[in-house]
Amino acid sequence: MMDTWLRRLGLTKRSPDPSQVGDLDTLSNEQLMALMRHEAHRIEKTIYNDILEKKYPVYRQKWVRVGEILGLLERRQVSMDEPTIAWARQIHVAFDDLPKQFIQPNSSPAQSIDNDAVDGFVDFVRARRSVRVWSDEQPDRETLLQLAKKLVDAARWAPTSGNRQPWRFKVLVDAEKKELLRGIKEEHCVAAPLLVFVGMDTRVYGALGRSERGVYIDAGAAVMQMVLAAHRGGYGVCWNHFADDLVDSRKSNQVAYGRFTEVLGIGAHIAPVAVVAVGRPAFIPPMPARIDVEDLILPEPS
C-alpha cells in the first residue's frame, strides 16, 4: 500500500530517514519541525524509561540535533512562539536536569480511580451510530465552520508515533467542493452538511517505504477523537474510508481523486485516509450487533 505513495512522491524504498539526514538544510520547515518534535519526545521519554544515564551519548546527540533545528528554524524566520517549538525549546534548555526543570513543573497529579466513569464512557460510545441520512434542517455555514475547528482541535490531541503530529485537514461546507467526491464516495458523504478530509503528511515519517504503518494508526486515532467530539455535541457523524486502496481501486476513482486534490490544493505528499461526514441526523439508525467481549479476548494457550 505504501508503495503507491512512494511512486506518487517520486521516492524509492531507500528514501532517507529524516532522522538520519546529515544536512538539515535539505529538509522543509515541516520536516524539521516533525523531526524536532520526534527527537525532543524521545529525550523526554528517557526519564520515564530510566535510560538517560545508560545511553547518555546517544541522547546528548539528539539534544544537539534539536538545538541545530531550533537555530535553523529561527534563521528561517519561523516564529519561535509556535507551540511545539516552544515546547521543544523547554526540553532542550532543561536537558541536564529534566525531572526538576521540565517534568515536575509541567506535570499534573494522578486522577483517582473511578471504574463507574469507565462504564459511563462505554455507554456514551455504545450510543454512537454511523449516520448516513441528514435532516432537512442544518446549522448555518458559520456554525459548521466553527464546529470543524473544534473537531480538528479534538483530533490534534490524539497520540502520534514519535509525536510527529502529521495530520492535515481540509474542511468542506460548500456544495461545489463536496461535489468533487461524487463518483468516488457515496451519496450520504457528498450530501453531508460538513465534510472534513483527513490526510497525513508522509514527508515526516522516517520509515516511509519500509512498511511505515504509523500513517494509518496515527490517522485513525485522530479521526476517532473527531467522531466522538461530534457525537458528544449531538451531531450525526460517519467515518468514511478514503485511503489509497480505495483511490487506486479503479481508474475513475484515480481521476476523481486527482481532480479533488487539484481543486483543493492538496499536495502529493498528503496521503488520504478518511472523510468525516457531520451534520444534524434525520434519525439515529438501529444499533448494530457486536461480538461478545469474551469472544474478542484471545484465550490463554492450552
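Refer to the structure above for everything that follows.
Residues numbered from 1 in each chain as written. Predicted model: local features only at pLDDT ≥ 70, side-chain atom pairs only at ≥ 80, totals over all residues. Heavy atoms only, no water.

S.K.: Tell me about the overall build of the protein, and name the residues and values.
M.R.: Secondary structure summary: the protein contains 13 helices and four strands in total. With the principal axes as the frame, the protein shows a C-alpha extent of 60 × 50 × 50 Å. Across the 302 residues in the protein, those meeting the buried criterion constitute 44%. In the protein, 79% of the contacts between residues at least 6 apart in sequence involve partners at least 24 apart. Within the structure as shown, the protein displays about 17100 Å² of accessible surface, and the carbon and sulfur contribution to it stands at 52%. (Helix = DSSP H or I, 4+ residues; strand = E, 2+ residues; numbered from the N terminus. Buried < 20%, exposed > 50% of the residue type's maximum accessible area, 1.4 Å probe, protein only. Contact = heavy atoms within 4.5 Å. Areas by Shrake-Rupley, 256 points an atom, 1.4 Å probe, with all protein chains shown as cover.)

S.K.: Could you give me a rundown of the side chain of glutamate 44, with the residues and numbers involved?
M.R.: Looking at the element boundaries, glutamate 44 is found in helix H2 (residues 29–48). Within the buried set, glutamate 44 has no salt-bridge partner at all; the shortest N-O distance to an opposite charge, 9.6 Å, is to lysine 45. The contacts of glutamate 44, once residues within four sequence positions are left out, are Trp87, Ile91 and Phe102. (Lys, Arg positive; Asp, Glu negative; His and termini not counted. Salt bridge = Lys/Arg side-chain N within 4 Å of Asp/Glu carboxyl O.)

S.K.: Could you give an account of the pairing of strand S2 (residues 194–201), naming the residues involved and the relevant values?
M.R.: Counting buried positions along S2 yields eight of eight residues, so the element is predominantly enclosed. Residues Leu194, Val196, Val198 and Met200 line one face of S2 and the alternating positions Leu195, Phe197, Gly199 and Asp201 line the opposite face, and both faces are buried. Strand direction decides the pairing type here: S2 and strand S4 (residues 270–279), joined by eight bridges, are antiparallel. The residue of S4 that forms the bridge with glycine 199 is proline 272. (Pairing = 2+ DSSP bridges.)

S.K.: So what about the pattern of salt bridges? Which residues, and what values?
M.R.: This model, assessed by the stated rule, comprises eleven salt bridges. Here aspartate 201 makes a salt bridge to arginine 168, at a shortest N to O gap of 3.8 Å. Remark: arginine 168 occurs in strand S1 (residues 167–172) and aspartate 201 occurs in strand S2; sequence separation between them is 33 residues. On the basis of relative accessibility, which here comes to 0%, the residue aspartate 201 falls in the buried class. In this structure, the salt-bridge partner of glutamate 187 is arginine 182, at a minimum N-O distance of 2.7 Å. Using a relative accessible area of 45% as the deciding quantity, one classes glutamate 187 as partly exposed. What you see here is one network of salt bridges that share partners, running through Arg168, Asp201 and Arg203.

S.K.: Just give me the short version of a positive patch on the surface, but keep the residues and values in it.
M.R.: A surface patch of like charges, here positive, comprises Arg42, Lys45, Lys54 and Lys55. With respect to the helices and strands, lysine 45 occurs in helix H2. (Patch = residues over 30% accessible without salt bridge, like charges linked within 9 Å, V, L, I, M, F, W, Y side chains within 5 Å. Charge placed at Lys NZ, Arg CZ, Asp CG, Glu CD.)

S.K.: Explain the packing of aromatic side chains residue by residue, including any values.
M.R.: One pair of aromatic rings is described through two measures. These are the centre distance and the angle between the planes. As enumerated under the stated definition, the model contains eight aromatic pairs in all. Here the aromatic rings of phenylalanine 121 and phenylalanine 124 are separated by 6.0 Å at their centres, their planes lie at 45°, and the arrangement is tilted. In this pair, phenylalanine 121 and phenylalanine 124 both sit in helix H6 (residues 115–126), three residues apart, roughly one turn of the helix. Take phenylalanine 121: its relative accessible area is 46%, and that puts it in the partly exposed class. Where phenylalanine 197 meets phenylalanine 242, the ring centres are 6.1 Å apart and the plane angle is 90°; that geometry is what we call edge-to-face. (Phe/Tyr/Trp six-rings, centres within 6.5 Å; stacked < 30°, edge-to-face > 60°.)

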